[in-house]
Amino acid sequence: MTFVTNGCLSLVLFFMTVLPYKDDNAGKKAQVAKMFDSISWRYDLLNHVLSVGVDFYWRRRAIRELKALKPRLILDVATGTGDFAIQAATSLNPDKIIGVDISNGMMELGRKKIAEKSLDKKIELRRGDSENLPFEQGNFDAVICAYGVRNFENLQKGLEEMYRVLKPGGKMVVLEFSKPYRFPFKQFYGLYFKFVVPVVGRMLSKDRAAYDYLPESVHAFPRGKAFVEILDRIGFKNTACNPLTFGITTIYTGIK
């Protein structure tokens, strides 16, 4: 079944062609897992440095979207090192959060952070494929994802899976990079992402491809109205997008 219009479908197909390692014959999913395993030891530091610490605020603001719902069981897709799950646990105090990711290296670090914060009884990290989630239909009160949908090999399938495992009335919250829309921040951001991010990323992570891939994947991502239209056609209701910090990042929400 196709859920997207021709315009959105072409955006999704273009987005899917962006790969971390151009000379590698592996599919995007395998390449993304390899990339995150490679940079996992520096991932948190790079996040905080490259965002000048604003990423803490972005996650807090996104989790506030679930305050009124008071979810008891939350799924964190593409959980990485667990920062979004940790924020959800401390802000919402649910009964349980399950985080899934394809990178064992990222989750190893995540489990250490979770244990250090004494949240290991509340947060569980499992290896899992976002496009084939190992959960029954209608299982979760909320599904969250921070900076992960951009890395899906099949964007539509991953979003359909997030919809499938939500309970009726459950809420999805996606936090993803976008692009500023006002002069002169738009122009400054373009230069920063094109020149500064790859250089700093290579210096600190030693993986040249990973931080060349970041601006490429953000540029190709069907952001704003285009992404909301995909959510609408999958079946989400009351969809919305809320740009933060001049549009550097955006919160997307929808109800099942």
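Along each chain, residues carry numbers from 1 onward, in the same order as the chain's sequence is written. The predicted nature of this model means local features are confined to residues of pLDDT at least 70 and side-chain atom pairs, given and counted, to a pLDDT of 80 or more, with totals for whole chains, interfaces and linings taken over all residues. To get the side-chain values, take all heavy atoms of the structure and skip hydrogens and water.

Thoughts on the overall build of the chain
Heads up, the condition is: Put simply, DSSP marks the helices as runs of H or I at least four residues long and the strands as runs of E at least two long, and each gets a number from the N terminus on. In what follows, residue pairs with any heavy atoms lying within 4.5 Å of each other are defined as contacts. The protein chains shown are the only cover counted for residues, whose accessible areas, like all others here, come from Shrake-Rupley with a 1.4 Å probe.
Helix and strand counts for the chain come out as nine helices and seven strands. The long-range share in the chain, meaning contacts at least 24 apart out of those at least 6 apart in sequence, stands at 74%. Accessible surface computed for the chain: about 11700 Å², of which carbon and sulfur atoms make up 55%.

Digging into empty space enclosed by the protein
Heads up, the rule is: Definitions used for this entry: grid spacing 1 Å over protein atoms alone; cavity, a set of points where a 1.4 Å probe fits but cannot get out; pocket, an open set with protein on both sides within 12 Å along at least 5 of 7 lines; lining residue, one with an atom within 4 Å of a point. Grid points are joined across faces, edges and corners, and a volume is the space filled by probe spheres set on the points. Ten residue types, Ala, Val, Leu, Ile, Met, Phe, Trp, Tyr, Cys and Pro, are classed as nonpolar, four, Asp, Glu, Lys and Arg, as charged, and the remainder, Gly among them, as polar.
Applying the stated criterion to the full structure yields one cavity of 30 Å³ or more. Computed from the structure, the largest cavity encloses a volume of approximately 370 Å³. The wall of the largest cavity is formed by 29 residues, among which Ala78, Thr79, Gly80, Asp101 and Gly148 lie closest to the centre. Breaking the lining of the largest cavity down by element, the ones donating at least two residues are α2 (28-50), β1 (73-77), α4 (83-92) and β2 (96-101). Broken down by element, the lining of the largest cavity gets its largest block of residues, five residues, from α2. When the residues that make up the lining of the largest cavity are grouped by side-chain class, the tally is twelve nonpolar, nine polar and eight charged.

Side note on the packing of aromatic side chains
For any pair of aromatic rings, the description consists of the separation of the ring centres together with the inter-plane angle of the planes. For clarity, the cut-off: Here a Phe, Tyr or Trp ring, Trp counted by its six-membered ring, pairs with any other such ring whose centre lies within 6.5 Å, and the pair is stacked when the planes are under 30 degrees apart, edge-to-face when over 60, and tilted otherwise. Whether a charge lies above a ring is judged from NZ of Lys or CZ of Arg, which has to be within 6 Å of the ring centre and within 35 degrees of the ring normal.
For the structure on display, the rule yields six aromatic pairs. Arranged with centres 4.5 Å apart and planes meeting at 35°, the rings of Tyr147 and Phe177 form a pair that is tilted. With Tyr147 in the loop between β4 (140-146) and α6 (155-165) and Phe177 in strand β5 (residues 166-177), this residue pair connects regions lying 30 residues apart in the sequence. Among the aromatic side chains, those forming a connected cluster through ring pairs are Trp58, Tyr147 and Phe177. Over the ring of Phe56 we find Arg59, and its NZ or CZ is 5.5 Å from the ring centre.

Some remarks on the nonpolar core
Just so we agree on the cut-off: Only buried residues count toward a nonpolar core. Its members are Ala, Val, Leu, Ile, Met, Phe, Trp, Tyr and Cys residues joined through side-chain atoms within 4.5 Å. Exposed residues in this analysis have more than 50% of their type's maximum accessible area, buried residues have under 20%, and partly exposed residues fall in between, with area computed by a 1.4 Å probe over protein chains only.
Of all hydrophobic cores here, the largest spans 47 residues; its most connected members are Ile123, Ile144 and Leu175. If we skip the residues at most four places from it in the chain, Leu175 touches Trp58, Arg59, Ala62, Phe84, Cys145, Ala146, Tyr147, Thr249, Thr250 and Ile251. Counting 26 residues, the second largest nonpolar core, distinct from the first, contains Ile98, Leu155, Phe221 and Phe227.

Some remarks on the packing of helix α3 (residues 54-63) against α4
Just so we agree on the cut-off: Fitted lines through C-alpha atoms serve as axes, helices being fitted only where they are in contact, and the angles separating the N-to-C directions of these axes extend from 0 to 180 degrees. Every angle not falling under 35 degrees, over 145, or within 65 to 115 is termed oblique; those three ranges are roughly parallel, roughly antiparallel and roughly perpendicular. Less than a right angle of anticlockwise turn of the near helix away from the far helix marks a crossing as left-handed, whereas a clockwise turn marks it as right-handed.
Where α3 meets α4, the closest approach of the two axes is 10 Å, and the angle between their N-to-C directions is 55°. Taken together, the axes of α3 and α4 are oblique relative to one another. In this structure, the crossing between α3 and α4 has a hand that is right-handed. The residues of α4 that touch α3, namely those facing Arg59, Arg60, Ala62 and Ile63, are Asp83, Phe84, Gln87, Ala88, Ser91 and Leu92. Its residues assigned to classes, the contact of α3 with α4 shows five nonpolar, two polar and three charged.

Some words on the packing of α6 against helix α9 (residues 225-234)
Axis separation between α6 and α9 bottoms out at 10 Å; the angle between their running directions is 55°. Taken together, the axis directions place α6 and α9 in an arrangement best described as oblique. Seen from above, α6 lies across α9 with right-handed handedness. Contact with α6, carried on its side by Leu155, Gln156, Leu159, Glu160 and Tyr163, involves Phe227, Ile230, Leu231 and Ile234 of α9 and no other residues of that element. In terms of residue class, the contact of α6 with α9 is made up of seven nonpolar, one polar and one charged.

Focus: the sheet that holds strand β3 (residues 123-127)
To keep it simple, the criterion reads: Only strands that DSSP links by at least two bridges are regarded as paired with each other.
Pairing is mixed across the open sheet formed by seven strands, whose spatial order is β3-β2-β1-β4-β5-β7-β6. The open sheet terminates on both sides in strands that have one partner only, identified here as β3 and β6 (237-244). Across the sheet, the mean angle from the axis of one strand to that of its neighbour is 15°, orientation sign disregarded. In the sheet, β5 pairs with strand β7 (residues 249-255) via seven bridges, with the strands oriented antiparallel. Looking at the pairing, Glu176 lines up with Thr250 of β7. Across the sheet, α6 lies against β1, β4 and β5, angled at about 145° from β5, the strand it touches most.

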